[in-house]
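Here are the chains, one letter per residue:
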Number of protein chains: 2
Amino acid sequence: MGFTLDRRLEDSSHLVTRIDDIQVRVAEDSRYVWLLLIPEIVGAEELHDLSDDLRDRLFALATNLGGWMKTAFTADKINIAAIGNLVPQLHLHVVARHRGDAAWPGPIWGHGDPVPLTATDRQSLITSVATFLETGDTG
Amino acid sequence: MGFTLDRRLEDSSHLVTRIDDIQVRVAEDSRYVWLLLIPEIVGAEELHDLSDDLRDRLFALATNLGGWMKTAFTADKINIAAIGNLVPQLHLHVVARHRGDAAWPGPIWGHGDPVPLTATDRQSLITSVATFLETGDTG
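Residues numbered from 1 in each chain as written. Chains lettered and ligands numbered in written order. Predicted model: local features only at pLDDT ≥ 70, side-chain atom pairs only at ≥ 80, totals over all residues. Heavy atoms only, no water.

Okay, the environment of Trp68 of chain A next. Within the element layout of this structure, Trp68 of chain A appears in helix α2 (residues 52-72). As for Trp68 of chain A and Leu133 of chain A, which are separated by 65 residues in sequence, their C-alpha atoms are 9.9 Å apart. (Helix = DSSP H or I, 4+ residues; strand = E, 2+ residues; numbered from the N terminus.)

Right, let's get into the packing of helix α2 (residues 52-72) of chain B against helix α3 (residues 119-135) of chain B. The description of two helices packed together rests on the angle between their axes and the distance between the axes. Residues and elements named next belong to chain B. The contact between α2 and α3 brings their axes to 11 Å, and the two run at 115 degrees. With respect to the hand of their crossing, α2 and α3 are arranged in right-handed fashion. Listed contacts from α3 to Leu61, Asn64, Leu65 and Trp68 of α2 are Ser128, Val129, Phe132 and Leu133. Its residues assigned to classes, the contact of α2 with α3 comprises six nonpolar, two polar and no charged. (Axes fitted to C-alpha atoms, helices over the stretch in contact; angles between N-to-C directions. Left-handed = near helix turned anticlockwise from the far one by under 90°. Contact = heavy atoms within 4.5 Å. Nonpolar A, V, L, I, M, F, W, Y, C, P; charged D, E, K, R; others polar.)

Right, let's talk about α2 of chain B for a bit. Residue and element names in this part refer to chain B. With 21 residues, α2 extends 30 Å between its outermost C-alpha atoms, agreeing within 8% with the 30 Å of an ideal straight helix rising 1.5 Å per residue. All of the buried residues in α2 are Leu54, Arg55, Leu58, Phe59, Leu61, Ala62, Thr63, Leu65, Gly66, Gly67, Trp68 and Met69. Phi turns positive, to about 40 degrees, at Thr74, one or two residues after α2. (Expected span 1.5 Å × (residues − 1). Buried < 20%, exposed > 50% of the residue type's maximum accessible area, 1.4 Å probe, protein only.)

All names here are of chain A. In this model, Trp104 is joined to Pro105 through a cis peptide bond whose omega is -5 degrees. Relative to the helices and strands, Pro105 is located in the loop between β5 (92-97) and α3 (119-135). Backbone geometry at Asp20 places phi at a positive 55 degrees, although glycine is not the residue there. Looking at the element boundaries, Asp20 is found in the loop between β1 (13-19) and β2 (22-27).

Overlaying chain B with chain A gives an RMSD of 0.0 Å, the required rotation being 180 degrees about an axis along which the chain moves by 0.0 Å. Look at the turn and shift together and you get a two-fold axis relating the two. Within chain B, Ala81 of chain B has its C-alpha nearest the rotation axis, a separation of 2.0 Å. Taken together, the interface assignments show that 100% of the residues at the interface of chain B recur at the interface of chain A, consistent with an identical surface on both copies. (Least-squares fit on C-alpha atoms with pLDDT ≥ 70 in both.)

The next thing to look at is the pattern of salt bridges. Residue and element names in this part refer to chain A. Here the structure, examined in full by the defined rule, presents 27 salt bridges over all chains. The partner of Glu28 in a salt bridge is Arg122, with the nearest N and O atoms 2.9 Å apart. Note that Glu28 is positioned in the loop between β2 and β3 (33-39) and Arg122 in helix α3, a separation of 94 residues in sequence. On the basis of relative accessible area, Glu28 is assigned to the buried category, the value being 16%. A relative accessible area of 23% means that Arg122 is categorised as partly exposed. Ionic pairing is found between Arg57 and Asp53, a salt bridge with its closest N-O pair at 3.0 Å. Of this pair, Arg57 and Asp53 both sit in helix α2, four residues apart, which is roughly one turn of that helix. On the basis of relative accessible area, Asp53 is assigned to the partly exposed category, the value being 48%. Overlapping salt bridges, with partners in common, bring together Asp20, Asp21, Asp53 and Arg57 in one network. (Salt bridge = Lys/Arg side-chain N within 4 Å of Asp/Glu carboxyl O.)

Further remarks concern empty space enclosed by the protein. Empty space left among the atoms is revealed by rolling a probe the size of a water molecule over them. Summed over the entire model, instances satisfying the criterion amount to two cavities of 30 Å³ or more. Taken as a whole, the largest cavity spans an internal volume of roughly 50 Å³. Residues belonging to the lining of the largest cavity are distributed by class as follows: six nonpolar, three polar and three charged. What the second largest cavity holds in volume is close to 40 Å³. Lining the second largest cavity we find Lys77, Ile78, Asn79 and Ile80 of chain A together with Glu46, Leu47, Ala82 and Leu90 of chain B. Among the elements that line the lining of the second largest cavity, the one with the most residues is strand β4 (residues 77-82) of chain A, at four residues. Class assignment for the residues of the lining of the second largest cavity results in five nonpolar, one polar and two charged. (1 Å grid on protein atoms, 1.4 Å probe; cavity = no way out; pocket = protein on both sides within 12 Å on 5 of 7 lines; lining within 4 Å. Points joined across faces, edges and corners; volume = space filled by probe spheres on them.)

What follows concerns the nonpolar core. The biggest cluster of nonpolar side chains holds 65 residues, and the ones touching the most others in it are Leu37, Leu65 and Val129 of chain A together with Leu37 and Leu65 of chain B. If you look at the next biggest cluster of nonpolar residues, it comprises 28 residues, including Ile38 of chain A together with Leu5, Leu9 and Leu36 of chain B. (Core = buried A, V, L, I, M, F, W, Y, C linked by side-chain atoms within 4.5 Å.)

Our next topic: the interface of chain B and chain A. Contacts between the two partners involve 30 residues from chain B, matched on the other side by 30 residues from chain A. The largest per-residue losses of area from chain B upon contact with chain A belong to Glu46, Lys77 and Asn85 of chain B, which jointly make up 23% of the total buried on that side. The tally of links between chain B and chain A comes to four salt bridges. The shortest N-O distance in the salt bridge between Glu46 of chain B and Lys70 of chain A comes to 2.8 Å. The tally of links from chain B across to chain A stands at 20 residue pairs in polar contact (both at pLDDT 80 or more). Take the side of chain B that touches chain A: its biggest share by element is eight residues, from α2 of chain B. When β4 of chain A meets strand β4 (residues 77-82) of chain B, the two strands line up antiparallel, connected through three bridges. Of the residues in β4 of chain B, the one forming a bridge with Ile80 of chain A is Ala82 of chain B. (Buried area = accessible area lost by both parts, 1.4 Å probe. Polar contact = N/O pair within 3.5 Å; in protein donor to acceptor, adjacent residues only side chain to side chain. Pairing = 2+ DSSP bridges.)

Spelled out as structure tokens, the structure:
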């Protein structure tokens, strides 16, 4: 059995690209710039279900994206979290937070309902993330 | 200037030990088994403020503790998160979650008020964590 993305993650986010065996996705919620990193490992629910190498690569990628997002979206704080209380398939959140955003200073998870992106904003965000990952260009 | 722990982190948690340059602390909240890992790096607020080596060691430690906590405290899920919207000094949460706990399935941050540990429970938890870190013994 190959890896199958949880339907709830699939329905609430959009694939940007894969970096080796990690899916990089954009969450469908215009309230935040919110990425999901999902290792394509069958049955993984906790960080300790990953190999050391994959865990290191996952957090290197999250950190790299977080550093870029802080600058590119003039964020006040980056939140990086593996929660998974509702959707246990392992997924790592990388979120650019701003003072005064919908949930600030609380956590975003479980706070209100997602607000869909416009088609233009969705494509723009996907393109920005893809371009950063391809080129390391933060511009 | 050496590293100084933020007063809010100091007042709400107890030092168990240091693993190299990372403080391992127990949060003063009997609602959850909740650890804090704090790299002693002056000015660090984001994961991208750490060296790659320290970041890898921080998540290796968090993952190791999370794996132990899941078994030792029969947790349903481990939550590992760097949030820091209120206290920007970089601190990583490692929390054992149980179905039906005070905030389940929501995140614990900003949910109600902490409930102090009894002196006995506090010492027992500190001893358990210290023993695991010294011996790797999950018993």
